[in-house]
Structures are given as C-alpha cells and as structure tokens.
Amino acid sequence: MSLSAAAEIAEDQDFIARATMAAARLRIPYAESFVREHARRLALDEGVLQAYESSLISFPYHSRRCHDPALITDEMIMGAVRALKSDLDQEQDAVTGLDAAHV
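Residues numbered from 1 in each chain as written. Predicted model: local features only at pLDDT ≥ 70, side-chain atom pairs only at ≥ 80, totals over all residues. Heavy atoms only, no water.

**Considering the environment of Ser2**
With respect to the helices, strands and loops of the structure, Ser2 is situated in the segment before helix H1 (3-11). By relative accessible area, which is 28% here, Ser2 ends up partly exposed. For the pair formed by Ser2 and Leu49, sequence separation is 47 residues and the distance between their alpha carbons is 8.3 Å. Setting aside residues no more than four positions away along its own chain, Ser2 makes contact with Leu49 and Glu53. A polar contact is formed between the side chain of Ser2 and the backbone nitrogen of Ala5, at a distance of 3.0 Å. (Helix = DSSP H or I, 4+ residues; strand = E, 2+ residues; numbered from the N terminus. Buried < 20%, exposed > 50% of the residue type's maximum accessible area, 1.4 Å probe, protein only. Contact = heavy atoms within 4.5 Å. Polar contact = N/O pair within 3.5 Å; in protein donor to acceptor, adjacent residues only side chain to side chain.)

Shown next, in the form of structure tokens:
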C-alpha cells in the first residue's frame, strides 16, 4: 500500500465529507474538525487504502473514487473512523494514566 495513494485519499474532499458524516453518526463532537485533523491517519486505514488502490487498477478512469460507495463502502469509512476514535481514546487514557501516576 502506497503512501502516495494515502496522501490522495487524505486530500480528497469526497472522502473528507463521507468521513465527516461517519464521525457525526458516531456522535464525535466537532466531526468535521476531527476528520480534518486526522485525515491522514484515516487515509492509512488498511481497508480504505486497499479498496482505493484496487480501484485504481479496476477503474482507472473513475473520477470520484472516494465518493463511490461501491468502491469504498460506508462500512469501511465507519470502521476507519471508529478505529481511529478508539486509538485516540486509548492514547488519551495512557497519557491520563501516566499523569495520575505522577501525582
């Protein structure tokens, strides 16, 4: 999986819009800000990245591959947002736990 493909996904406005809707559906506060801040990590999700790269070969002339739910499914995007939120929560818990241990 290439970093250049991940970079394209992270900058794609269709991907940003769909990931924002996923974050809103998951009731993540400030969904759009959350997605824009973490777009690169979302784009590195294995399922999303693999589907995108596969579509480059299968549909080389597709102009809006991040918009098409037949190529990158809503479930893939929801899963990427859910996994990222979980990772961020765990990172925050680890930092909070360290802070509490030093008090």
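Don't stop here, the text continues.
**Points about the packing of aromatic side chains**
What the rule picks out here adds up to zero aromatic pairs. Between the NZ or CZ atom of Arg65 and the centre of the ring of Tyr52, over which it lies, the distance is 5.9 Å. (Phe/Tyr/Trp six-rings, centres within 6.5 Å; stacked < 30°, edge-to-face > 60°. Lys NZ or Arg CZ within 6 Å of the ring centre and 35° of its normal.)

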